[in-house]
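Working through the structure, step by step
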Amino acid sequence: MLLILVGCFGPTEWTDVHVDDFCEPSSPYDGAPEASVQAVERANCHRLLAGLDAGELDVSLDDASLAHALYMAEHAELTHYEDASKSGYTGDAVWDRIETAGWSQTMGVTISEVVAFGDGPTGAVDTWVHSVYHREPFLTPEWINTGFGIEGMYTAMAFVGAYPQVQEQVVPYPVSGQTGVPTTFDSDTESPDPAPDHGLVGYPVTVTIGSASPEPEVRLLRGELRGPSGKVETLALDPSNDDALGNMVALVPLAPLEAASGYDAELTVEWSGGEETVLVHFETE
């Protein structure tokens, strides 16, 4: 249900869609923890809404994510790295830990990880997708595999994706016609903080690029967000001014959005091999 239009900025017809409408049971994963199945199914709700293929669980990535969640819980530390001098150590970084768990390293892949504190499987995935930097791996067009682990209040999720992406693909989020979009995002809860001079801001609007180029040099040429009160003040981020971004650009409203209201975003994105103007209309909850 992805709708991308190139042209003038203005009203048009949209179909109402909600992320929950795209949730469907995944293929059976024999022996997989229920939490892992819940996490990948929730991730796939967002991916299918965005017009992307569903991701699949991998035993090695699942084991590595669980081991890292156990490590974080044991040492009461939210981190992407492990200390070899501490108990529960399985590798310095996520690529080391998935290799320890049995993943055979291959060329032409990207490996990434997100971690969180305080949410269950579904809540953790929604928290990541509702952020800025942690949204990107969920909306990278070509996943290969993923894994999830939870221990107490600590969660970890590892991803392996194609590098570079095989096909050019432009992935906005929220998508055109999306309803039930949150009005706020607390930037102080994400590390690094995408809006360090602000706390509670509006819901981020992003475009993720899948590119066949190994260095697509993604840039946001123009970005604008309009709501019921007119133009919204936003923070414009892309890899040229924010090195925490990979192949994604973002508009972060500097104040919470209005509830039960319609918003229109226009983002012109350039990357090596392409340029596209994306129009998105969404409705807040």
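Residues numbered from 1 in each chain as written. Predicted model: local features only at pLDDT ≥ 70, side-chain atom pairs only at ≥ 80, totals over all residues. Heavy atoms only, no water.

What follows covers the overall build of the chain. Tallying secondary structure elements over the chain gives five helices and 14 strands in all. A globule of 285 residues ought to have a C-alpha radius of gyration of about 19 Å, and the chain, at 19 Å, matches this closely. With respect to the principal axes defined by its C-alpha atoms, the chain has extents near 55 × 35 × 35 Å. When burial is assessed residue by residue, the chain has 49% of its 285 residues classed as buried. The long-range fraction of contacts in the chain, counting pairs at least 24 apart against all pairs at least 6 apart in sequence, stands at 68%. Here the chain displays about 12300 Å² of accessible surface, and carbon together with sulfur accounts for 50% of that area. In the chain, 9 positive and 47 negative side-chain charges are present, and the distance between their average locations comes to 7 Å. (Helix = DSSP H or I, 4+ residues; strand = E, 2+ residues; numbered from the N terminus. Rg over C-alpha atoms; globule rule 2.2 N^0.38 Å. Buried < 20%, exposed > 50% of the residue type's maximum accessible area, 1.4 Å probe, protein only. Contact = heavy atoms within 4.5 Å. Areas by Shrake-Rupley, 256 points an atom, 1.4 Å probe, with all protein chains shown as cover. Lys, Arg positive; Asp, Glu negative; His and termini not counted. Charge placed at Lys NZ, Arg CZ, Asp CG, Glu CD.)

This brings us to the sheet that holds strand 8 (residues 205–210). Sheet architecture is open: four strands sit in the order 4-8-12-11, paired in antiparallel fashion. Looking at which strands have only one partner, the edges of the open sheet turn out to be strand 4 (169–173) and strand 11 (234–237). Adjacent strand axes in the sheet meet at a mean angle of 10° when their direction is disregarded. Pairing of strand 8 with strand 12 (residues 248–253) involves four bridges; the strand directions are antiparallel. Within strand 12, the position partnered with Thr206 by the bridge is Ala250. (Pairing = 2+ DSSP bridges. Axes fitted to C-alpha atoms, helices over the stretch in contact; angles between N-to-C directions.)

A contiguous patch of negative charge on the surface is contributed by Glu215, Glu217, Glu270 and Glu275. For Glu215, the position within the fold is in the loop between strand 8 and strand 9 (219–227). (Patch = residues over 30% accessible without salt bridge, like charges linked within 9 Å, V, L, I, M, F, W, Y side chains within 5 Å. Salt bridge = Lys/Arg side-chain N within 4 Å of Asp/Glu carboxyl O.)

Judged by pairing direction, the sheet is antiparallel, and its three strands sit side by side in the order 1-3-2 without closing on themselves. What marks the edges here is a single partner per strand, and that holds for strand 1 (109–117) and strand 2 (143–151). On average, each strand axis in the sheet is inclined to that of its neighbour by 10°, with strand direction left out of account. The pairing of strand 1 with strand 3 (residues 154–162) spans nine bridges and is antiparallel. Its bridge partner being in strand 3, Ala116 is matched across the sheet by Thr155. Packed on one face of the sheet, helix 1 (residues 34–49) meets strand 2 and strand 3 and runs near 130° to strand 2. This element, helix 2 (residues 59–75), spans strand 1, strand 2 and strand 3 of the sheet and lies at about 30° to strand 2.

Residue pairs spaced three or four apart in an α-helix point in one direction, given the helix's 3.6 residues per turn. Its 17 residues give helix 2 an end-to-end C-alpha distance of 24 Å, which sits within 8% of 24 Å, the value for a rise of 1.5 Å per residue. Residues of helix 2 that are buried include every one of Ser60, Leu61, Asp62, Ala64, Ser65, Ala67, His68, Ala69, Tyr71 and Met72, and no others. One side-chain oxygen of the residue at the start of helix 2 lies 2.9 Å from the amide nitrogen of Ser60, identifying that residue as Asp58. The first or second residue beyond helix 2 is Ala76, which carries a positive phi of 50°. (Expected span 1.5 Å × (residues − 1). Polar contact = N/O pair within 3.5 Å; in protein donor to acceptor, adjacent residues only side chain to side chain.)

The next subject is the state of the cysteines. All told, the structure shown has one disulfide when counted by the stated rule. Bridging Cys23 to Cys45, the disulfide has an S-S length of 2.0 Å. Residues Cys23 and Cys45 share a disulfide whose torsion about the S-S bond is about 130°; that sign makes it right-handed. In this pair, Cys23 is assigned in the segment before helix 1 and Cys45 in helix 1, connecting sequence segments 22 residues apart. (Disulfide = S-S within 2.5 Å.)

Across all of its chains, the model carries six aromatic pairs by this definition. A network of ring pairs unites the aromatic residues Trp128, Phe138, Trp143 and Phe159 as a single cluster. One cation-aromatic arrangement involves Arg47 over Trp143; the distance from NZ or CZ to the ring centre is 4.4 Å. (Phe/Tyr/Trp six-rings, centres within 6.5 Å; stacked < 30°, edge-to-face > 60°. Lys NZ or Arg CZ within 6 Å of the ring centre and 35° of its normal.)

Grouped together as the largest cluster of nonpolar side chains are 46 residues, with contacts concentrated most on Trp128, Phe138, Met157, Tyr173, Leu267 and Val269. When residues no more than four places from it in sequence are discounted, the contact partners of Leu267 are Val205, Val207, Leu220, Arg222, Gly223, Val249, Leu251, Glu276, Thr277 and Val278. Of all hydrophobic cores here, the second largest spans ten residues; its members include Phe185, Leu237, Leu245 and Val252. (Core = buried A, V, L, I, M, F, W, Y, C linked by side-chain atoms within 4.5 Å.)

Interpretation in functional terms is not warranted from these geometric data alone.
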